[in-house]
Amino acid sequence: MRSFITFLFAALLAACATHSPVTAPAPLAASCPKPVPADAHCYTGEDGVGSSYWIAIPAGWKPESGVLVMHAHGGPAGTGPSSPKRSLDDLERWAVTVQAGYAWAGSTYRRGGYGVTMAAEDTERLRKIFVRQFGKPRRTILHGQSYGGGVASKGAELFGGKNSAYDGVLLTSGVLGGGVNAYDFRLDLRVVYQYVCRNHPKPDEPQYPLWMGLPSGSTLTHAELKARIDECTGVSKPAAQRSPQQAANLATILNVVRIPEKTLVAHMNWATWLFQDLTQLRLGGRNPFSNVGAMYTGSSDDKALNRGVLRYAADAVAVQELAKDSLPDGHVTMPTLTMHAIDDPTAFVELESAYKEIREHAGTGNLLVQTFAAESVHSFLSAPEYVALFASLLDWIDHGTKPSPQSVLQLCERYESHYAGGCHIRPDYVPRPLSTRVTPRP
């Protein structure tokens, strides 16, 4: 009983975190990780509701002239308690922000698993801790990466407006457009995979609706799921070592769901444990995803595939709750700049089209500039590109000079001699609609 009461109290505290004053300990000085400039000052701490964080401030930084970048990390990372190491890893990866002269602050969020609004609240709480400890910066940029792109797009709406806490928004490799738009294809992956492989679950295991991810109490491990995927597809082996049946199975799954081979296991992990967290712990056991009427193509026999795949109808309440948590309404009142790898293997570049439609429908398309890079990565784009994005966004904020993809590229090329990675921006690229990448729903 005591453990349940403790859990309930923690849940209530987290739910009220942004509505009631929370006393957080002052940040503690810490040694900066190696990628951060040696003369920078780093701090770490806990925000009072369960989130850990790291802060890095360049030497000579002063609030009256300085810029703060609030970083919303990707993921969702795991499905249990938050790990302090997550924020440290983010600081190491985005040390280029501090190298460019900006202060950086990143939260772990109060727990793992899904929760876009929660993560936006935790990021805003950390911003307040920074201001209380180090002073209000001249400018504050909200940077969201991957899943954090969805977090930042939501945070810009929640904490924007007339008295906005932020001056501009940068969304890179963003999982944009809300949870249903972003994750429909993972339901497709589960049903197509099961049609082909029939081992997740196996025939002699308890059967369950695949939108659940896994039944509550399942003991399946990541290693065991990987072994099942490999048994069916041979994906971990060189192509020459796969059996003809494995090669055919793999081709069907990849062609129908339109994901690259290198991310099959990762997407299956998300479609298993993240779906379990999202549907059972966040949505009360309800399903927000539908594939009723979806017509899959790309197999050797599409008619048989469409007859044989499992079909699920979405629960209207679950759809509504997921939309409330994660779907942006587009009412962002500040300059917004995005960048996405054209061949992003994790968050499809076509998500940018969905976000652009949302912004245009809200009448804020004039405050959105999207850029695209000829890269095939997700977690980190090239360093000079990030520096150019920050500089372009600040110029837009400070001087009203709206950037273009071409101007961002030109600025990036000026930074190439100082930062490794090169400039891969393609100014003329326009992503296709999301419906061309993810099987449409009627």
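Relevant structure appears above.
Definitions and cut-offs
- Residues numbered from 1 in each chain as written.
- Predicted model: local features only at pLDDT ≥ 70, side-chain atom pairs only at ≥ 80, totals over all residues.
- Heavy atoms only, no water.
- Helix = DSSP H or I, 4+ residues; strand = E, 2+ residues; numbered from the N terminus.
- Buried < 20%, exposed > 50% of the residue type's maximum accessible area, 1.4 Å probe, protein only.
- Contact = heavy atoms within 4.5 Å.
- Areas by Shrake-Rupley, 256 points an atom, 1.4 Å probe, with all protein chains shown as cover.
- 1 Å grid on protein atoms, 1.4 Å probe; cavity = no way out; pocket = protein on both sides within 12 Å on 5 of 7 lines; lining within 4 Å.
- Points joined across faces, edges and corners; volume = space filled by probe spheres on them.
- Nonpolar A, V, L, I, M, F, W, Y, C, P; charged D, E, K, R; others polar.
- Salt bridge = Lys/Arg side-chain N within 4 Å of Asp/Glu carboxyl O.
- Arc of directions from axis to C-beta.
- Polar contact = N/O pair within 3.5 Å; in protein donor to acceptor, adjacent residues only side chain to side chain.
- Pairing = 2+ DSSP bridges.
- Axes fitted to C-alpha atoms, helices over the stretch in contact; angles between N-to-C directions.
- Expected span 1.5 Å × (residues − 1).

Engineer: Can you explain the overall build of the chain? Please cite residues and give values.
Structural biologist: If you tally the helices and strands in the chain, you get 14 helices and nine strands. With respect to the three principal axes, the spread of C-alpha positions in the chain is 65 × 60 × 45 Å. Per-residue burial over the chain gives 55% buried out of 442 residues. Residue pairs at least 24 apart in sequence account for 76% of intrachain contacts in the chain once pairs closer than 6 positions are excluded. Total accessible area on the chain stands at roughly 18700 Å², and carbon and sulfur atoms take up 55% of it.

Engineer: Kindly report on the layout of surface pockets, identifying the contributing residues and their values.
Structural biologist: If you roll a probe as big as a water molecule over the atoms, it shows you where there is empty space left. Each pocket or cavity is described by its volume, and for the second largest pocket that value is around 290 Å³. Lining of the second largest pocket is provided by 24 residues; of these, Gly-75, Ser-146, Trp-270, Thr-346 and His-378 occupy positions nearest its centre. Looking at the lining of the second largest pocket, the elements that each hand over two or more residues are α2 (84–93), α6 (179–197) and α9 (264–282). Here the lining of the second largest pocket gets four residues from one element, more than from any other, and that element is α6. Within the lining of the second largest pocket, the residues separate by chemical class into 13 nonpolar, seven polar and four charged.

Engineer: Explain the pattern of salt bridges residue by residue, including any values.
Structural biologist: Inspection of the entire model under this criterion finds 19 salt bridges. For the salt bridge of Asp-184 with Arg-441, the shortest nitrogen-to-oxygen distance reads 3.8 Å. Of the two residues, Asp-184 sits in helix α6 while Arg-441 sits in the segment after α14 (405–415), which places them 257 residues apart along the sequence. We classify Asp-184 as buried; its relative accessible area is 11%. Take Arg-441: its relative accessible area is 23%, and that puts it in the partly exposed class. In this structure, Glu-350 and Arg-437 form a salt bridge, with 3.2 Å as the shortest nitrogen-oxygen distance. Of this pair, Glu-350 sits in the loop between β8 (336–341) and α12 (351–361) while Arg-437 sits in the segment after α14, and the two are 87 residues apart along the sequence. By the burial criterion, Glu-350 is buried, and Arg-437 matches it. If you follow the salt bridges from partner to partner, you end up with Asp-47, Arg-110, Glu-121, Asp-122 and Arg-125 in one network.

Engineer: Can you explain helix α11 (residues 316–326)? Please cite residues and give values.
Structural biologist: Burial in α11 covers these residues: Ala-318, Leu-322, Asp-325 and Ser-326. Across the axial projection of α11, the buried residues extend over an arc of 75°, all falling on one side. For α11, the exposed residues set more than 90 degrees away from the buried face come down to Ala-316, Gln-320 and Lys-324. Buried residues along α11 sit in contact with α4 (116–134), α5 (147–158), α6 and α9. N-cap assignment for α11: the residue whose side-chain oxygen lies 2.9 Å from the backbone N of Val-317 is Asp-315.

Engineer: Tell me what's going on with the sheet that holds strand β9 (residues 368–373), and back it up with residues and numbers.
Structural biologist: A sheet is described by the order of its strands in space; here nine strands give the open sequence β1-β2-β3-β5-β4-β6-β7-β8-β9, paired in mixed fashion. Each having just a single partner strand, β1 (28–30) and β9 make up the two edges of the open sheet. For this sheet, the mean inter-axis angle between neighbouring strands, taken without regard to orientation, is 20°. As defined by bridge partners, strand β2 (residues 41–46) adjoins strand β3 (residues 52–57) across six bridges and the pair is classed as antiparallel. Counterpart to Gly-45 in the pairing with β3 is Tyr-53. The strands touched by α2 within the sheet are β2, β3, β4 (67–72) and β5 (103–107), with β3 carrying the most contacts at an inclination of about 25°. Where α4 meets the sheet, its contacts fall on β2, β3, β4, β5 and β6 (139–145), and the angle it forms with β3 comes to roughly 45°.

Engineer: Could you give an account of unusual backbone geometry, with specific residues and numbers?
Structural biologist: Following Gly-75, the chain continues into Pro-76 via a peptide bond in cis, with omega recorded as -5°. Summarising the element assignment, Pro-76 is placed in the loop between β4 and α2. Cis peptide bonds are those with omega within 30 degrees of zero, and the linkage from His-200 to Pro-201 qualifies with 15°. Summarising the element assignment, Pro-201 is placed in the loop between α6 and α7 (222–233). Residues other than glycine seldom take positive phi values, yet Arg-258 does so here, at roughly 65°. According to the relative accessible area criterion, Arg-258 is partly exposed, its value standing at 26%.

Engineer: Give a description of the environment of Thr-108 that names residues and reports values.
Structural biologist: By the element assignment, Thr-108 lies in the loop between β5 and α4. Residues Thr-108 and Pro-405 lie 297 residues apart in sequence; the distance between their C-alpha atoms is 31 Å. Apart from the residues within four sequence positions on either side, Thr-108 is in contact with Ser-51, Ser-52, His-73, Ser-82, Ser-83, Pro-84, Arg-86 and Ser-87.

Engineer: Give a detailed account of α6, specifying residues and quantitative values.
Structural biologist: Between the first and last C-alpha of α6 there are 26 Å, a value that for 19 residues agrees with the 27 Å anticipated at 1.5 Å per step. With its phi angle positive at about 55°, Arg-198 sits one or two positions after the end of α6.

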